[in-house]
Amino acid sequence: MAEIKELHKPIQLSGEEREQLRKDVRELCESFGNAYWRKLDEPREYPYEFVDALTKAGYLSVLIPEEYGGKGYGLQEATIILEEIHRAGGHAAACHAQMYTMGSVLRHGSKEQKEKYLPGIAKGEIRLQAFSITEPEAGSNTTAIKTFAEKTRDGYIMNGHKNWTSRIQQSDLLLVLARTTPLEEVKKKSDGISLFLVDLRDIRKNQPDALIIEQVRTMFNYATNKVWYKDMKIPHDTLIGVEGKGFKYVLDGMNAERILLAAETIGDGYFFIDKAVEYAREREVFNRKIGENQGVQFPIARAYAAIKAADLLRYEAAKKFDNNKQCGEEANMAKLLSSEASWEAANVCLNTFGGNGFVDEYDVERKFRETRMYQIAPVHNNMILAYLGQHVLGLPRSY
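Since the structure is predicted, the reported quantities are computational estimates derived from the model, not experimental observations.

Peer 1: Just to check I follow, could you spell out a nonpolar patch on the surface for this structure?
Peer 2: On the surface, Val392, Leu393 and Leu395 cluster together into a nonpolar patch covering about 280 Å² of accessible area. Looking at the secondary structure, you find Val392 in helix α13 (residues 381-392). Accessibility expressed as a relative area gives 31% for Val392, which makes it partly exposed.

Here it is as structure tokens:
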């Protein structure tokens, strides 16, 4: 794998500054408590007020360099923000894409694209929240996508069907992965795929029939959709980087995505530990606190140890990323271990609460549903195991 292209040296905060960042994010999240998220959960409503508050505070633009109006922080600092959102009982799915999709623009976008969009994103005037990659038939086999962008004299004409295109209805900009050369015409199946940065404001105004969106209801509050592109006309300057190299650009951003989402599951894990500990200290059955029982106490302690271990790996991966070092192994393992640890913590928490854990007012069942996703998406843990087996341990390709 090629060395990551370094565009700028991120600002790395001191330990004291990171703790202050954590406190500031926690304070903001406390104004959007569990009752806020519980209210939105049943009707599956988007947390507009929360996202607006994060945007206003500048937390969604921390990875944008200072020259474009962002804070210019590294991934280590960004993970703190997402962790605290989840530890407070929230869910960053409403806004986290703006962090990890930014890398495609920063690393491979043209000077004109960055100057046109990044300052507006940093100010909160523009939202880049949507990434359209996965297709119903292709699934994890991204090179098998069929969405096609035909090059014309004026630009490209895009046709195709995507699913799991999240936050497109709340976004101004959209990243789309599409074939520009048919699969049967390329020597390497990852070639001939291009990445486009589409201005949805223009599409909605001038080509409303070219974009069809169908909202999908999932087991937790996640603003995702099926999308159809119908002869959607986009100009040449929507192309990110070089035509046909988009698959590589997406791969470049996957380490950051895995690290950031690992931080979210770690936040979930701490949420469950915090909840279980508090309940075990207070709940009294048979004239004693249930936390006195080793059958309650030991599973909580073991779950905490697993979360703490994943937490350390998260920072190791983020530190390597920030220092422009290869971090595929650490990033993938952080996502794998943190997603499994958070799920174990969720089960331990539910067992601690007993029947009350199934009651929505305790918020355990809501977070239980939310944290289960991370073992499957945005990449299935089996795919991570396949990566480790092939690329780290040198075993034959298994798929």
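Peer 1: Is there a simple way to think about the layout of surface pockets in this case?
Peer 2: Any empty space left between atoms is shown by rolling a water-sized probe over those atoms. In this structure, the second largest pocket occupies an estimated 260 Å³ of space. Along the wall of the second largest pocket there are 20 residues; nearest its centre are Arg44, Glu45, Asn221, Tyr222 and Ala223. Counting residues per element, the ones that place at least two in the lining of the second largest pocket are α2 (34-41), β6 (211-216) and α12 (364-372). When the residues that make up the lining of the second largest pocket are grouped by side-chain class, the tally is eight nonpolar, five polar and seven charged.

Peer 1: How do you make sense of the packing of aromatic side chains when you look at a structure like this?
Peer 2: Two descriptors summarise a pair of aromatic rings, namely the distance from one centre to the other and the angle between the planes of the rings. Taken as a whole and assessed by the stated rule, the structure comprises 13 aromatic pairs. Relative to Tyr222, the ring of Phe220 lies with its centre 5.5 Å away and its plane at 45 degrees, an arrangement referred to as tilted. As far as the burial class goes, Phe220 and Tyr222 line up, both buried. Taking 4.0 Å as the distance between ring centres and 20 degrees as the angle between the ring planes, the aromatic pair formed by Tyr279 and Phe353 counts as stacked. Of the two residues, Tyr279 sits in helix α9 (residues 246-282) while Phe353 sits in helix α11 (residues 328-353), which places them 74 residues apart along the sequence. In this pair, the class of Tyr279 matches that of Phe353, namely buried. Ring-pair connections join several aromatic residues into one group, and the members of that group are Phe32, Tyr36, Trp37 and Phe50. Over the ring of Trp343 we find Arg372, and its NZ or CZ is 5.3 Å from the ring centre.

Peer 1: Please explain α9 as it appears in this structure.
Peer 2: Structural remark: α-helix, 3.6 residues per turn; residues separated by three or four positions point the same way. When the terminal C-alpha atoms of α9 are compared, their 54 Å separation across 37 residues agrees well with the 54 Å that a helix rising 1.5 Å per residue should span. For α9, the principal kink sits at Met254 and spans about 30 degrees.

Peer 1: How should helix α1 (residues 15-30) be read in this particular structure?
Peer 2: Taking 1.5 Å per residue as the helical rise, α1 with its 16 residues ought to reach 22 Å, and the 22 Å between its terminal C-alpha atoms agrees with that figure. Buried within α1 are the following residues: Arg18, Leu21, Arg22, Val25, Leu28 and Cys29. For α1, the angular spread of buried residues about the axis comes to 130 degrees, placing them on one side. Set apart from the buried face of α1 by more than 90 degrees, the exposed residues are Glu16, Lys23, Glu27 and Glu30. Next to the buried residues of α1 lie α3 (48-57), α4 (75-87) and α10 (294-322).

Peer 1: Explain the environment of Gly291 to me, please; I cannot follow it from the model alone.
Peer 2: One can find Gly291 in the loop between β10 (288-289) and α10. Sequence-wise, Gly291 and Gly69 are 222 residues apart; in three dimensions their C-alpha atoms are separated by 49 Å. In contact with Gly291, not counting residues within four places along its chain, are Ala280, Val296 and Gln297.

Peer 1: Explain the packing of α4 against α9 here, please?
Peer 2: In helix packing, the relevant descriptors are the interaxial angle and the interaxial distance, both defined with respect to the helix axes. Two elements in contact, α4 and α9, have axes separated by 7 Å at closest approach and are oriented at 35 degrees. α9 is crossed by α4, and the crossing has right-handed handedness. Between α4, through Leu75, Ala78, Thr79, Leu82, Glu83, His86 and Arg87, and α9, the contact on the second element is made entirely by Ala256, Ile259, Leu260, Ala263, Glu264, Ile266, Gly267, Asp268, Tyr270, Phe271 and Asp274. Looking at the contact of α4 with α9, its residues break down into ten nonpolar, three polar and five charged.

Peer 1: How do you make sense of the side chain of Asp41 when you look at a structure like this?
Peer 2: Within the fold, Asp41 resides in helix α2. Asp41 sits in the buried class, given a relative accessible area of 7%. Apart from residues no more than four positions distant in its own chain, Asp41 is found in contact with Phe220, Asn221, Arg366 and Arg369.

Peer 1: Looking at this model, I keep getting lost on the packing of α4 against α10. Mind explaining?
Peer 2: It is the contact of α4 with α10, at a shortest axis distance of 8 Å, that shows an interaxial angle of 140 degrees. Considering the angle they form, α4 stands oblique to α10. Each of Leu75, Gln76, Glu77, Thr79, Ile80 and Glu83 in α4 lies in contact with α10, whose residues at this interface are Arg314, Tyr315, Ala318, Lys319, Phe321 and Asp322. Its residues placed into classes, the contact of α4 with α10 shows five nonpolar, two polar and five charged.

Definitions and limits used
Residues numbered from 1 in each chain as written. Predicted model: local features only at pLDDT ≥ 70, side-chain atom pairs only at ≥ 80, totals over all residues. Heavy atoms only, no water. Patch = residues over 30% accessible without salt bridge, like charges linked within 9 Å, V, L, I, M, F, W, Y side chains within 5 Å. Areas by Shrake-Rupley, 256 points an atom, 1.4 Å probe, with all protein chains shown as cover. Salt bridge = Lys/Arg side-chain N within 4 Å of Asp/Glu carboxyl O. Helix = DSSP H or I, 4+ residues; strand = E, 2+ residues; numbered from the N terminus. Buried < 20%, exposed > 50% of the residue type's maximum accessible area, 1.4 Å probe, protein only. 1 Å grid on protein atoms, 1.4 Å probe; cavity = no way out; pocket = protein on both sides within 12 Å on 5 of 7 lines; lining within 4 Å. Points joined across faces, edges and corners; volume = space filled by probe spheres on them. Nonpolar A, V, L, I, M, F, W, Y, C, P; charged D, E, K, R; others polar. Phe/Tyr/Trp six-rings, centres within 6.5 Å; stacked < 30°, edge-to-face > 60°. Lys NZ or Arg CZ within 6 Å of the ring centre and 35° of its normal. Expected span 1.5 Å × (residues − 1). Bend = angle between axes of the 7 residues up to and from the residue. Arc of directions from axis to C-beta. Contact = heavy atoms within 4.5 Å. Axes fitted to C-alpha atoms, helices over the stretch in contact; angles between N-to-C directions. Left-handed = near helix turned anticlockwise from the far one by under 90°. Parallel < 35°, antiparallel > 145°, perpendicular 65-115°, else oblique.

No statement about biological role is implied by the geometric values presented.
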